[in-house]
Amino acid sequence: MAEETIFSKIIQHEISADILYQDHLVTAFRDINPKVPNHILIVTNQLIPTVNDVTAEHEAALGRLFTVAANVAAQEGIKEDGYRLIVNCNRHGGQEIYHLHMHLLGGKPLGPLMI
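Residues numbered from 1 in each chain as written. Predicted model: local features only at pLDDT ≥ 70, side-chain atom pairs only at ≥ 80, totals over all residues. Heavy atoms only, no water.

Draft legend 1. Spotlight on the sheet that holds strand 4 (residues 83-86). The five strands lie next to each other as 1-2-3-5-4, forming an open sheet whose pairing is antiparallel. Since the sheet does not close on itself, it has two edges, and those belong to strand 1 (19-22) and strand 4, each with one partner. Strand after strand, the sheet turns through a mean of 15° between neighbouring axes, direction not considered. Here five bridges tie strand 2 (residues 26-30) to strand 3 (residues 38-44), and the two strands are oriented antiparallel to one another. Within strand 3, the position partnered with V26 by the bridge is T44. Sitting on the sheet, helix 2 (residues 59-76) touches strand 1, strand 2, strand 3, strand 4 and strand 5 (101-106), and the angle it makes with strand 3 is about 155°. (Pairing = 2+ DSSP bridges. Helix = DSSP H or I, 4+ residues; strand = E, 2+ residues; numbered from the N terminus. Axes fitted to C-alpha atoms, helices over the stretch in contact; angles between N-to-C directions. Contact = heavy atoms within 4.5 Å.)

Below, the structure is given as structure tokens:
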């Protein structure tokens, strides 16, 4: 079994966060170190360490990541101008916390690539 992460503690309300959305599948909250004006993390409530660990049983949660991203983008007022969704996988992919999550980034022009 995977180890608990800081995201697990946020999901369980053991660590405070600016939670924008939460249901039984996913939780969305503001990144504490934002790279752009709107930097929101959407995480699976079930601890899935990386994309490589995804199975068919996770499909509902993965779909929810995208529907929540669209809804949060609308709430944040960035739906029309656009936003970027990023999922990193493992060290070379830039993953720092091994709990599957999506970055929703927006609020300014992001250009062709964001590093």
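Okay, back to it.
Draft legend 2. Structural context of the environment of V87. Relative to the helices and strands, V87 is located in the loop between strand 4 and strand 5. Using a relative accessible area of 40% as the deciding quantity, one classes V87 as partly exposed. When the C-alpha positions of V87 and E76 are compared, they lie 20 Å apart, and in sequence the two are 11 residues distant. With sequence-adjacent residues up to four places away left out, V87 is seen in contact with V51, L100, H101 and M102. (Buried < 20%, exposed > 50% of the residue type's maximum accessible area, 1.4 Å probe, protein only.)

Draft legend 3. Seen up close, unusual backbone geometry. Phi at H13 takes a positive value of approximately 65°, unusual for a residue other than glycine. Here H13 lies in the loop between helix 1 (6-11) and strand 1. With a phi close to 65°, N90 is a non-glycine residue in the positive phi region. Looking at the secondary structure, you find N90 in the loop between strand 4 and strand 5.

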